[in-house]
Amino acid sequence: MLKIVKKGDPLVVDNLVVLMYGEPGVGKTSLGFSTNKPLVLDFDHGAHRSAFRGDSVQVESWGEISGLTKAELKGYDTVVVDTVGRQLDYITRGLAENDQRLLNRNGGLTMNGWGILKSTFTAWINRVQTFGLNVVLTAHVKEEKSGDDVIKRPDITGGSYMEVMKCADLVGYLYRGPGGTLLDFNPSDRWIGKNAAEFAPLEIPSLHDAGDCLGQVIGNAISIMNERNHASKVVADEVTQWSGLVKQAAGAEDINSLKEKCVTEIDDQATLQQVKKLIS
């Protein structure tokens, strides 16, 4: 049976997929370790360079982690993929080992191979999220020219780029500015971003003092999204009540009374505008 979520019904956010990208050495791996109870899947084998290293898996093959179970991830709240570009390379290698027909004569993936790569990656992300975990994807930065302009985006190969962007709730560019390190989720004419929580650019403090930095950012994003969903339901419920009063109005006198009443009784402007429209 088709389950329709009405526009006024809340959509509860339990966990997120966050993609952050930046230059080598800017602190992506260290920031990944600042999430809540993280397990870093170290595809790049660079975890040893972080001064804030926590638990990690030194991934050697896609088969090691393709079928991660809830039991294996018990005790962790966040899975950090470092980096997602290298993860896709491992998936590609694993697919080719299982079926050489997915490779073209130049050693790259066929059209069918690209499709399987994308579906394999998406299914893996969804699987981890069903365990109730947040997923943080890190990526290196790539510069693309568009005329005279240069825009920075995550360094992710081919058609997989759009699949990663679609599954991510937040996409942020991590960089060093004049005053320190910043994480900016806002898209601009200089870099790609995705900002479902409507964050302003975030200054990253010293992880010696804020070892849960990215964990707090993710927690705040979840709270903001759920509060926004709750606010939408409150508005929808109130508009529904006023809609009932409008339908009960017997004539012009009742309608005029409602026009005056709604202005004095409704404080929220979004609700007031919707009710005014109903009365009109």
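For the structure, check the block above.
Quick caveat: nothing in here was measured; it's all calculated off a predicted structure.

Caption draft 1: Examining the packing of helix H3 (residues 84-98) against helix H4 (residues 111-130) more closely. The geometry of H3 relative to H4 is characterised by a closest axis approach of 10 Å and an angle of 120 degrees between their N-to-C directions. Classified by the angle between their axes, H3 and H4 sit oblique to one another. Considering the relative orientation of H3 and H4, their crossing is right-handed. Along its contact with H3, which presents Val84, Gln87, Leu88, Ile91, Thr92 and Leu95, the element H4 presents Gly113, Ile116, Leu117, Thr120, Phe121 and Trp124. Partitioned by chemical class, the residues of the contact of H3 with H4 number 8 nonpolar, 4 polar and no charged.

Caption draft 2: Quick look at the side chain of Asp184. The topology assignment puts Asp184 in strand S8 (residues 180-184). Buried and unpaired, Asp184 has Arg190 as its nearest opposite-charge partner, separated by 6.4 Å. Of note is the side chain of Asp184, whose polar atom sits 2.9 Å from the backbone nitrogen of Asn186. The contacts of Asp184, once residues within four sequence positions are left out, are Val171, Gly172, Tyr173, Tyr175, Trp191 and Pro201.

Caption draft 3: Representation of the side chain of Ser30 in the model. Among the secondary structure elements, Ser30 is positioned in helix H1 (residues 28-32). Side-chain polar atoms of Ser30 contact the side chain of Ser50, separated by 2.8 Å. With near-sequence residues (within four places) excluded, Ser30 lies in contact with Ser50, Ala51, Phe52 and Leu207.

Caption draft 4: Summary view of the packing of aromatic side chains. Per the stated rule, a full pass over the model turns up 7 aromatic pairs. With a centroid separation of 5.3 Å and 35 degrees between ring planes, the pair formed by Tyr21 and Tyr173 is classed as tilted. Separated by 152 residues along the polypeptide, Tyr21 in strand S1 (residues 17-22) and Tyr173 in strand S7 (residues 170-177) bring together distant segments of the chain. For Tyr173, a relative accessible area of 5% puts it in the buried group. Ring plane angle 55 degrees and centroid distance 6.1 Å describe the contact between Trp62 and Trp124, whose orientation is recorded as tilted. Taken together, the residues span a long stretch of sequence, with Trp62 in helix H2 (residues 62-65) and Trp124 in helix H4 at a distance of 62 residues.

Caption draft 5: Quick look at the packing of H4 against helix H5 (residues 160-167). Between H4 and H5, the shortest axis-to-axis distance is 10 Å and the interhelical angle comes to 20 degrees. One way to sum up the angle between H4 and H5 is to call them roughly parallel. In this structure, the crossing between H4 and H5 has a hand that is right-handed. Across from Trp114, Leu117, Lys118, Phe121 and Thr122 in H4, the residues of H5 making contact are Ser160, Glu163, Val164 and Cys167.

Caption draft 6: Summary view of the pairing of strand S6 (residues 149-154). With 6 bridges joining them, strand S5 (residues 134-146) and S6 adopt antiparallel strand pairing. When the sheet's bridge partners are listed, Lys142 is paired in S6 with Arg153. The hairpin turn running from S5 into S6, its antiparallel successor, is 2 residues long, and Gly147 in that turn takes a positive phi close to 70 degrees.

Caption draft 7: Highlighting the pairing of S1. Burial runs high along S1: 6 of the 6 residues are buried. Going residue by residue along S1, you find Val17, Leu19 and Tyr21 tucked away on one face and Val18, Met20 and Gly22 tucked away on the opposite face as well. In this sheet, S5 lies alongside S1 in parallel orientation, the contact comprising 6 bridges. Its bridge partner lying in S5, Met20 is registered against Thr138. As defined by bridge partners, S1 adjoins S7 across 5 bridges and the pair is classed as parallel. Opposite Leu19, over in S7, you have Val171 as the bridge partner.

Caption draft 8: Region of the structure containing unusual backbone geometry. With an omega of 0 degrees, the peptide bond between Asp82 and Thr83 qualifies as cis. Its identity is not glycine, yet Lys37 carries a phi of approximately 45 degrees, on the positive side. If you trace the backbone, Lys37 turns up in the loop between H1 and strand S2 (38-42). We classify Lys37 as exposed; its relative accessible area is 52%. Residue His45 is not a glycine yet carries a positive backbone phi of 55 degrees.

Caption draft 9: Just the nonpolar core, in detail. Core analysis: the biggest nonpolar cluster contains 41 residues, and Leu19, Leu41, Val84, Phe121, Trp124 and Leu137 have the highest contact counts within it. Residues in contact with Leu137, not counting those within four places in the same chain, are Val17, Val18, Leu19, Met20, Val81, Val84, Phe121, Ile125 and Val164. Counting 27 residues, the second-largest nonpolar core is a separate cluster that includes Val13, Val26, Val217 and Ile218.

Quick notes on the rules
Residues numbered from 1 in each chain as written. Predicted model: local features only at pLDDT ≥ 70, side-chain atom pairs only at ≥ 80, totals over all residues. Heavy atoms only, no water. Axes fitted to C-alpha atoms, helices over the stretch in contact; angles between N-to-C directions. Helix = DSSP H or I, 4+ residues; strand = E, 2+ residues; numbered from the N terminus. Parallel < 35°, antiparallel > 145°, perpendicular 65-115°, else oblique. Left-handed = near helix turned anticlockwise from the far one by under 90°. Contact = heavy atoms within 4.5 Å. Nonpolar A, V, L, I, M, F, W, Y, C, P; charged D, E, K, R; others polar. Buried < 20%, exposed > 50% of the residue type's maximum accessible area, 1.4 Å probe, protein only. Lys, Arg positive; Asp, Glu negative; His and termini not counted. Salt bridge = Lys/Arg side-chain N within 4 Å of Asp/Glu carboxyl O. Polar contact = N/O pair within 3.5 Å; in protein donor to acceptor, adjacent residues only side chain to side chain. Phe/Tyr/Trp six-rings, centres within 6.5 Å; stacked < 30°, edge-to-face > 60°. Pairing = 2+ DSSP bridges. Core = buried A, V, L, I, M, F, W, Y, C linked by side-chain atoms within 4.5 Å.

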